[in-house]
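Architecture and fold: a report
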Amino acid sequence: MGNVIGIGASPKRKEDQRFLTGRGNYVSDIKRPGMTAGVFVRSPHGHAVLRGIDKSAVLAAPGVIAVLTGEDVAADKLGSLPCGWGISDAQGVPMKEPPFPMLAQGKVRFVGDMVAFVIAETPEQANAAAELLSVDYEVLPSVVGVLEAVRPGAPQLFDDVPNNICCDWELGDKAAVETAFRKAAHVAKLSLVNNRLIGNPMEPRAAVAEYEPGTDRFTLWTTSQFPHVVRFLMGALVLNIPQHKLRVVAPDVGGGFGVKQFHYGEEAVITWAAKRVHRPIKWVASRSEGYVSDRHGRDHVTEAELALDETGKFLAFRVNTLANMGGYLSTFGPNIPTNLYGPLLGGVYTTPAIYCNVKVVFTNTVPVDAYRGAGRPEATFVLERMVDVAASEMGIDRVEIRRRNMIPKEAYPYQTPVLVQYDSGDPMGCLDGALVAADVKSFGVRKAASASKGKFRGLGYSTYVEACGLAPSRFAGRLGARGGLYESATVRVHPTGQVTVMIGTHNHGQGHETTFAQIVSEKLGVSFEDVDIVFGDTDRVQFGMGTYGSRSLVVGGAALSKATDKVIVKGKKIAAHLLEAAEVDIQFEAGKFSVAGTDRIKTFEEIAGAAYVPHNYPLEVLEPGLEEQAYYDPVNFTYPGGCHIAEVEVDPETGTVTLVNYTAVDDVGTVINPMIVEGQLHGGIVQGVGQALFENAVYDESSGQLLSGSLMDYCMPRADHMPMMKVATHSTLCTHTPMGVKGCGEVGTIGSPAAVINAVVDALSHLGVTHVDMPATPNRIWRLLQNASLPVAAE
Amino acid sequence: MKLFAYHQPDQIPDAAKLLTSIEDSKLVAGGMTLIPTLKQRLASPVALVDLSKLGNLKGITDDGATITIGAMTPHAVVAASKLVQSKIPGLAALASMIGDPAVRRRGTIGGSVANNDPAADYPAGVLGLGAGIVTSTREIAADKFFLGLFETALEPSEIITAIRFPVPLKAGYAKFKAPASRYALVGVFVAKFADGVRLAVTGAGSGVFRVPPMEAALSQNFDPSAIAAIKIDTDGLTSDIHAEADYRAHLVTIMAKRAVDAALS
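The rules behind these values
- Residues numbered from 1 in each chain as written.
- Chains lettered and ligands numbered in written order.
- Predicted model: local features only at pLDDT ≥ 70, side-chain atom pairs only at ≥ 80, totals over all residues.
- Heavy atoms only, no water.
- Pairing = 2+ DSSP bridges.
- Helix = DSSP H or I, 4+ residues; strand = E, 2+ residues; numbered from the N terminus.
- Axes fitted to C-alpha atoms, helices over the stretch in contact; angles between N-to-C directions.
- Expected span 1.5 Å × (residues − 1).
- Buried < 20%, exposed > 50% of the residue type's maximum accessible area, 1.4 Å probe, protein only.
- Contact = heavy atoms within 4.5 Å.
- Parallel < 35°, antiparallel > 145°, perpendicular 65-115°, else oblique.
- Left-handed = near helix turned anticlockwise from the far one by under 90°.
- Nonpolar A, V, L, I, M, F, W, Y, C, P; charged D, E, K, R; others polar.
- Polar contact = N/O pair within 3.5 Å; in protein donor to acceptor, adjacent residues only side chain to side chain.
- Buried area = accessible area lost by both parts, 1.4 Å probe.
- Salt bridge = Lys/Arg side-chain N within 4 Å of Asp/Glu carboxyl O.
- Domains from an automatic or database assignment.

Digging into the sheet that holds strand β13 (residues 296-308) of chain A
Residue and element names in this part refer to chain A. With respect to topology, 5 strands assemble into an open sheet ordered β7-β15-β14-β13-β8, the strand pairing being mixed. Each edge of the sheet is formed by a strand with only one pairing partner; in this case those strands are β7 (165-172) and β8 (186-198). Each adjacent strand pair in this sheet contributes to an overall mean axis angle of 10°, direction not counted. Here β7 runs beside strand β15 (residues 353-362); their pairing, made up of 7 bridges, is antiparallel. Across the sheet, leucine 171 pairs through a bridge with cysteine 356, a residue of β15.

Written out as structure tokens, the structure is:
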């Protein structure tokens, strides 16, 4: 018995000791004997034919060991980078899925597309040699925007993908929606852009690869959120390496946000190359390289229409979106703007009919894939902006129109018209809580105070729900997933009672080493310090799908909970034998097995000891040892949600928007560690505020050059952009996860952009402004004010 | 980064000689622009001549009618200087707004002025105050020093040793920070002297420039209202992904008013 720290406590994070004292072990810290340095040569053009590559100058440069190109990949008959999801159009025609070679073949399709890999003795030599590669490009016109890409006559990325449309996807009952629109008392319309984002995890991507001829085994250390999936995709589908001959390790990883949940060509190239040169190789991306190769996020252009009756009840919602895929299909690419978008368009409302069409479009840009929230922030933004536009047009208060349409708490489980069934929730409770916490009642006083300083103040709401805990495999399979989405955990109890957990999720900032230890500490009654969580190594962890989609606690935690329960079941059998009682009479509580109604007990340590020294042990019916494993496949998504209220002040002289107050009341189900949940909400909200006010990936339309290609031009949110946030939870329990948890990793990012933009529009509504595209930069706001119907208030 | 030779002379003539004798050599002061450029392999000088060991290039002296700041004085020192704060508070304020704390500890006034980045802060203060740029060979008036995008009147082997600032009656700086880089999207420095007002703008165009109509108006009436109606022509102003030229022009007037406010407060 020791220091039990269980569910609901907020111990300091176990992992922070090593991070804060500089003892983390990141990929770029890894050094292998005889290690070489690899550098990728990337396309400087958005779109070009590769007419030829002359390696000779590079090969002659000092220290160069090898230069590999797409021709070498083709000669070795390696596979294309696979897409993990296959979606189809309304007729069931599969999406166009052109090959994505790990080094470009025939053509380059975005600035940053990989053309060659140069391996040299040192990074300096590799960098210097890489500059000598002579590539004969025939530059073609680029197309970077979705509207332009689908126009007749637009540059075509692939010969067999007409109009650059990968898939013309739809969801919902189109006819029912049309009928509802014909009967509507009011139709509100909105056109909007969901801006393109770049994830910018603090640690750039990196990889080290090694081949051991003695065992014919490969090891890849990579900055990944899902090493087992990389092993499968890369080993089985790209490099033809049997799974047992490939070890993938994702050690400490400095942030992911989705950017590191894909199988990247760099991983395949470096692993393949390590065997070719018979030397370990390290590659570490520079920040600039990350900008043109880390998968980007969002990038939608949308037209939406909401049909309402005369009382403001939503009758039908119709959404048409063009979604940018970039130059190739990334691992989850086509799934994000379709399956993770359309099913969320019901939001927390009772809208009976919804139709969504998404054209998934190739352009000469970095491939687009999941970024924190992934599809759900886009859906929430369309819906929550639409609600405000409708309220304003119909003269109904924004809170009141939400109340009139909200799913009441009693109506759960609630089947939406867009596939998903919400198991639990209380959106009205979150709204009521947030109204009080944000002190909405006295907003008028604050607005008047701002006005006296010549500033415009606005308040914005976002009442939202999301779907996470990815994912029920069978359901996902019907939607096009090509893999399972369960999770696994092994609980290994050592002879002395300490516990090592092997889990298939990956901790890269979320605090899993703490949260999962709390679950074990609570359930087994062992000391919090006596539990270690192992992840990120395919040789140590049985299997796993990794961390993304707010799934680690929901799916991984459930597997852990199940495995822990199995340990208790076995422990009871051992205790029954030792205590000479019937198994049904054994109780387990607070780390002690006891015979019900007696004072006869065995501690958890005693049982563990007996399991490993089975002298007095029921060997005829029970195996020695105390180690259990569980796989968990969820029966449904989980549906966290809540109400976010943003308050902004706009300086009409400069157009600057300042976020002055932020309140979030979220339903994330059971909270294991309140401090960690609060941190996740804070971080998520800041990223959403980043999208709303600052971040924007901008391409030059003709050349396909990324203009916002560094932190000097891509504005990340900073501490001084943020007010002190008020964050609270108003939880209903998930009805189908073992602990009632719902997940909290993405809610902040999903709820916040709409709240912020609704606040900006509110601040400017007296000038006739009805919509502001993200990011609401000073330049953009100033221009809106120049064009606004009323003169800007003078000083 | 590519390999280069590194020299650390302790006499100014030695530094000048190294610059002349080694083709493709560069001076490094704080290195806040040069080092990132080297790391990105955008520049590859054969040799760097480090100014940090040269004597007498650091520190701030009070000469009564002028304040002299040694070229190797970091921004943080200027910002925290009681002397600068009392004699030219606008200049101390400007120094406190440059970059971030790390940049302000390393970056130097001489390096900033010699680099003449079109969005740097110091050029606005130097031109706005009509300072003298003291070099290894002469003193150059600010009005003759800044020649446009990254160009100055410095000869190839000439080294800035100090900046001499006339003490104004009042001075103020207002900066609208570029959202990502926090360089000046538009920065305006205004200084009132007994014989008139000088006003210099950074960030808006390809280099720092003065605005004579605003100077004339403020010389008559040193109050924000005097320039509220003066618009700047967009010709020659920068348009980029953060701000188009007309927005920058608008900001010049707004920031000029705020600079006057700052000078008066």
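With respect to helix α19 (residues 747-764) of chain A
Under the 1.5 Å per step criterion, the end-to-end length of α19 of chain A is 27 Å for 18 residues, consistent within 8% with the ideal 26 Å. Among the 18 residues that make up α19 of chain A, 18 are buried, leaving the element largely enclosed by the rest of the structure.

Here we look at the side chain of glutamate 513 of chain A
Residues and elements named next belong to chain A. With respect to the element layout, glutamate 513 can be found in helix α15 (residues 512-524). Judged by its relative accessible area of 10%, glutamate 513 is buried. Ignoring anything within four residues of it in the chain, the contact list for glutamate 513 reads Lys14, Glu15, Arg18, Asn507, Ile533 and Phe535.

Quick word on the side chain of histidine 736 of chain A
The residue histidine 736 of chain A is located in the loop between β28 (725-729) and α19 in this model. If near-sequence neighbours (up to four positions away) are discounted, histidine 736 of chain A is found in contact with Asp423, Tyr632, Val635, Asn636, Phe637 and Thr638 of chain A.

With respect to the packing of helix α18 (residues 674-694) of chain A against α19 of chain A
Residues and elements named next belong to chain A. Running from amino to carboxyl end, α18 crosses α19 at an angle of 45°, the nearest separation of the two axes being 7 Å. Taken together, the axes of α18 and α19 are oblique relative to one another. When the axes of α18 and α19 are compared, the crossing they make is right-handed. Between α18, through Leu681, Gly684, Ile685, Gln687, Gly688, Val689, Gln691, Ala692 and Leu693, and α19, the contact on the second element is made entirely by Val747, Gly748, Thr749, Ser752, Pro753, Val756, Ile757 and Val760. Class assignment for the residues of the contact of α18 with α19 results in 10 nonpolar, 7 polar and no charged.

Here's the deal with α18 of chain A
Residue and element names in this part refer to chain A. In a regular helix each residue adds 1.5 Å, so 21 residues correspond to 30 Å; α18 covers 29 Å between its end C-alpha atoms and thus fits that length. Buried residues dominate α18, accounting for 15 of its 21 residues. Structurally, the start of α18 carries an N-cap: the backbone nitrogen of methionine 675 is 3.0 Å from a side-chain oxygen of asparagine 673.

A look at the pairing of strand β5 (residues 66-70) of chain B
Residue and element names in this part refer to chain B. Burial runs high along β5: 5 of the 5 residues are buried. Across the two faces of β5 the burial is the same, with Thr66, Thr68 and Gly70 and Ile67 and Ile69 all buried. Between strand β4 (residues 60-62) and β5, which pair antiparallel in sequence order, lie 3 residues; one of them, glycine 64, sits at a positive phi of approximately 85°. Bridge count between β5 and strand β10 (residues 160-166): 5 bridges; the pairing is antiparallel. Pairing of isoleucine 67 across the sheet is with phenylalanine 165, part of β10.

Thoughts on the interface of chain B and chain A
Listed per partner, the contact involves 22 residues of chain B and 25 residues of chain A. Across the chain B/chain A interface, buried area totals approximately 1900 Å², and carbon plus sulfur atoms make up 48% of it. Three residues stand out in chain B for area buried against chain A, namely Arg41, Arg182 and Ile241 of chain B, and they jointly supply 28% of the buried area on that side. One salt bridge connects aspartate 720 of chain A with arginine 182 of chain B, and the closest N-O pair in it is separated by 2.8 Å. Connecting chain B to chain A are 16 residue pairs in polar contact (both at pLDDT 80 or more).

Re the domain arrangement of chain A
Residue and element names in this part refer to chain A. Domain boundaries in chain A define domain 1 (31-140 + 202-255 + 260-291), domain 2 (296-470 + 636-787) and domain 3 (486-632). Between domain 1 and domain 3, the C-alpha centre-to-centre distance is 40 Å. The interface is formed by 17 residues belonging to domain 1 together with 14 residues belonging to domain 3. The contact between domain 1 and domain 3 buries some 1400 Å² in all, and 50% of this surface belongs to carbon and sulfur atoms. Sorting the residues of domain 1 by area buried against domain 3 places Gln225, His228 and Arg247 first, and these three jointly supply 40% of that buried surface. For the pair domain 1 and domain 3, the number of links is 3 salt bridges. Scanning the region where domain 1 abuts domain 3 turns up 9 residue pairs in polar contact (both at pLDDT 80 or more). Within the residue set of the side of domain 1 that touches domain 3, elements represented by two or more residues are α7 (227-238) and β11 (246-249).

A word on unusual backbone geometry
Residues and elements named next belong to chain A. Note the cis peptide between leucine 470 and alanine 471, where omega equals -10°. Locating alanine 471 in the fold gives a position in the loop between β18 (456-465) and α14 (473-479). Here the bond from methionine 774 into proline 775 is cis, since omega is -10°, no more than 30 degrees from zero. Position of proline 775 relative to the elements: it lies in the loop between α19 and α20 (778-787). One non-glycine residue, glutamate 580, lies in the positive phi region at around 55°. With respect to the helices, strands and loops of the structure, glutamate 580 is situated in the loop between α16 (552-578) and β22 (586-589). You can call glutamate 580 exposed: its relative accessible area is 72%.

Section: the packing of α16 of chain A against helix α17 (residues 604-612) of chain A
All names here are of chain A. Between α16 and α17, the shortest axis-to-axis distance is 10 Å and the interhelical angle comes to 85°. On the basis of their axis angle, the class for α16 and α17 is roughly perpendicular. Of α17, the residues touching α16 (which contributes Val567, Gly571, Ile574, Ala575 and Leu578) are Phe604, Ile607, Ala610 and Ala611. Considered class by class, the residues forming the contact of α16 with α17 number 8 nonpolar, 1 polar and no charged.

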